[in-house]
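Each chain, written out:
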Amino acid sequence: MTVHFIGAGPGAADLLTVRAVTLLRDSPVCLYAGTYLDPEVLAHCAPGTQLIDTQRLDLDQITAHLVRAHEAGKDVARLCSGDPSIYSALTEQTRRLDAHGVPWDITPGVPAYAAAAAVLGTELTIPEVVQSVVLTRTQARSTKMPEGEALANFAATGATLVLHLAITRIATLADELAEEYGPTCPVAVVYRASQPEQVVLRGTLADIAAQVESAGLRQAAVILVGRAMNIPATCAQSHLYDPARQRGE
């Protein structure tokens, strides 16, 4: 058997890859994070699939379910919100599985920031405006951030900044970021991108915290900061499609 770590995307049932849907259909056990997923995602599972919500389980309890499935010879679909490559506790889980001799693989998914950008109808990189995207988070009641990864350091680059797991601290963060980006810098907050409960807020670093407070957002939201959130009417054209660029035959 194999434990399949599957990126469930932003939560919408129709934003999973074809491979993900196949694995969900063929795996007799499915572990999922109920906090972030639209229940319709689980409709891809076959009737009779053992469904286990992990939102109140710690990693050792999750591992115990995976090991038991392995001992029973059952494949497992381990759904991760967004893409498993960021903020999924993938490393901790796979190390535990390795210690138990349980095989695993990974199927990527649509990351939350990409789903948020799609909802906003914006490209996060604009020629001669911004060409870098920083994906990060902040520290509150969570894992300590590595030395050197201060938010101010990232903000100083002027890159499009995407903040995960930070919505409850947005007032403090907006004040901190305004020192580098300026208080009028455009900001967007997308809550549950692509799901029925989706909420989109647009503003500036000066007013976005008040909007978030008014909307009552406390989790499952992505914050996007930078000039790409307010694309100018005219901007430089990409060299890739420049008519003056010499192209191969």
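The notes below deal with the structure included here. Note that the structure is a prediction, hence the values are computed from the model and not measured. (Residues numbered from 1 in each chain as written. Predicted model: local features only at pLDDT ≥ 70, side-chain atom pairs only at ≥ 80, totals over all residues. Heavy atoms only, no water.)

What follows deals with the overall build of the chain. Counting secondary structure elements, the chain contains seven helices and ten strands. Taking all 249 residues of the chain together, 43% fall into the buried category. Considering only intrachain contacts with a sequence separation of at least 6, the fraction spanning at least 24 residues in the chain is 70%. Only carbon and sulfur atoms are counted for the fraction: they give 50% of the accessible area of the chain, which is about 13100 Å². Of the side-chain charges in the chain, 18 are positive and 26 negative, and the distance between the mean point of each set is 4 Å. (Helix = DSSP H or I, 4+ residues; strand = E, 2+ residues; numbered from the N terminus. Buried < 20%, exposed > 50% of the residue type's maximum accessible area, 1.4 Å probe, protein only. Contact = heavy atoms within 4.5 Å. Areas by Shrake-Rupley, 256 points an atom, 1.4 Å probe, with all protein chains shown as cover. Lys, Arg positive; Asp, Glu negative; His and termini not counted. Charge placed at Lys NZ, Arg CZ, Asp CG, Glu CD.)

The subject of this paragraph is the sheet that holds strand β4 (residues 76-80). The sheet built from five strands is open, its strands ordered β3-β2-β4-β1-β5 with parallel pairing. At either end of the open sheet lies a strand with only one pairing partner, and these are β3 (50-53) and β5 (104-107). The sheet shows a mean angle of 20° between the axes of neighbouring strands, taken without regard to direction. Helix-sheet contacts for helix α2 (residues 59-71) involve β1 (3-7), β2 (29-32), β3 and β4, and the interaxial angle to β2 is about 165°. (Pairing = 2+ DSSP bridges. Axes fitted to C-alpha atoms, helices over the stretch in contact; angles between N-to-C directions.)

Although it is not a glycine, Glu128 adopts a positive phi angle of roughly 65°. For Glu128, the location among the structural elements is in the loop between α4 (112-120) and β6 (133-137). Residue Glu128 is classed as exposed on the basis of its relative accessible area of 76%.

Turning our attention to the nonpolar core. In terms of nonpolar packing, the biggest core is built from 27 residues, with Leu177, Val189, Leu205, Ile223 and Val225 touching the most fellow members. It is helix α6 (residues 170-181) that provides the largest number of residues to this core, a total of six residues. Sequence-distant contacts of Leu177, defined by excluding residues within four places in its chain, comprise Leu151, Ala155, Leu161, Leu163, Gly182, Leu205 and Val225. Of all hydrophobic cores here, the second largest spans 16 residues; its members include Leu120, Leu124, Val129 and Val190. (Core = buried A, V, L, I, M, F, W, Y, C linked by side-chain atoms within 4.5 Å.)

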